[in-house]
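The residues making up each chain are set out below.
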Amino acid sequence: MAAETQTLNFGPEWLRALSSGGSITSPPLSPALPKYKLADYRYGREEMLALFLKDNKIPSDLLDKEFLPILQEEPLPPLALVPFTEEEQRNFSMSVNSAAVLRLTG
C-alpha cells in the first residue's frame, strides 16, 4: 500500500512544477548545439545546374585511349532540365496511395 501514497514523477522538473502550481514561467534553456564548420565550397542545386553548358567540348586530357570507352560526344543534360514525359507527369500528379487503390478497385 506504500506505492499508492507515492506520487509519480514523470517528465522534466519544470513541467512537474507547472502542474503542481509552481511559479516557473518557462522551461530552462536547452544546451547550445555544437557549431560545425561547413564545407568551404558548398553548391546548391541552382549553382550546379548553372555550371552545365551544352556546348562544352570534351577536354583534350580525356581523349586518351583509357577514357574512350566511357566518353560520349554529346553530354546528357542534367535530369532536372529534362521535361517530364506524359506518363511521368500523370504519376507525379497522383498521390502515392491512390495508384494502389485504383489498382485494387480495377
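The sections below set out a description of the structure shown in this document. Quantities reported herein were computed from a predicted structural model and do not represent experimental measurements.

On to the overall build of the protein, then. Across its full length, the protein carries 5 helices and 0 strands. What you see in the protein, going N to C, is helices and strands ordered as α-α-α-α-α. The buried share among the 106 residues of the protein stands at 1%. Element-wise, carbon and sulfur atoms account for 60% of the exposed surface of the protein, whose accessible area totals about 10,800 Å².

So, on to the packing of aromatic side chains. By the definition in use, this model includes 1 aromatic pair. Where Phe84 meets Phe92, the ring centres are 5.4 Å apart and the plane angle is 45°; that geometry is what we call tilted.

Attention now goes to a nonpolar patch on the surface. A cluster of nonpolar side chains, Tyr41, Tyr43, Met48 and Leu51, forms an exposed patch at the surface whose accessible area comes to about 540 Å². Position of Tyr43 relative to the elements: it lies in the loop between α2 (13–19) and α3 (45–50).

Analysis parameters
- Residues numbered from 1 in each chain as written.
- Predicted model: local features only at pLDDT ≥ 70, side-chain atom pairs only at ≥ 80, totals over all residues.
- Heavy atoms only, no water.
- Helix = DSSP H or I, 4+ residues; strand = E, 2+ residues; numbered from the N terminus.
- Buried < 20%, exposed > 50% of the residue type's maximum accessible area, 1.4 Å probe, protein only.
- Areas by Shrake-Rupley, 256 points an atom, 1.4 Å probe, with all protein chains shown as cover.
- Phe/Tyr/Trp six-rings, centres within 6.5 Å; stacked < 30°, edge-to-face > 60°.
- Patch = residues over 30% accessible without salt bridge, like charges linked within 9 Å, V, L, I, M, F, W, Y side chains within 5 Å.
- Salt bridge = Lys/Arg side-chain N within 4 Å of Asp/Glu carboxyl O.

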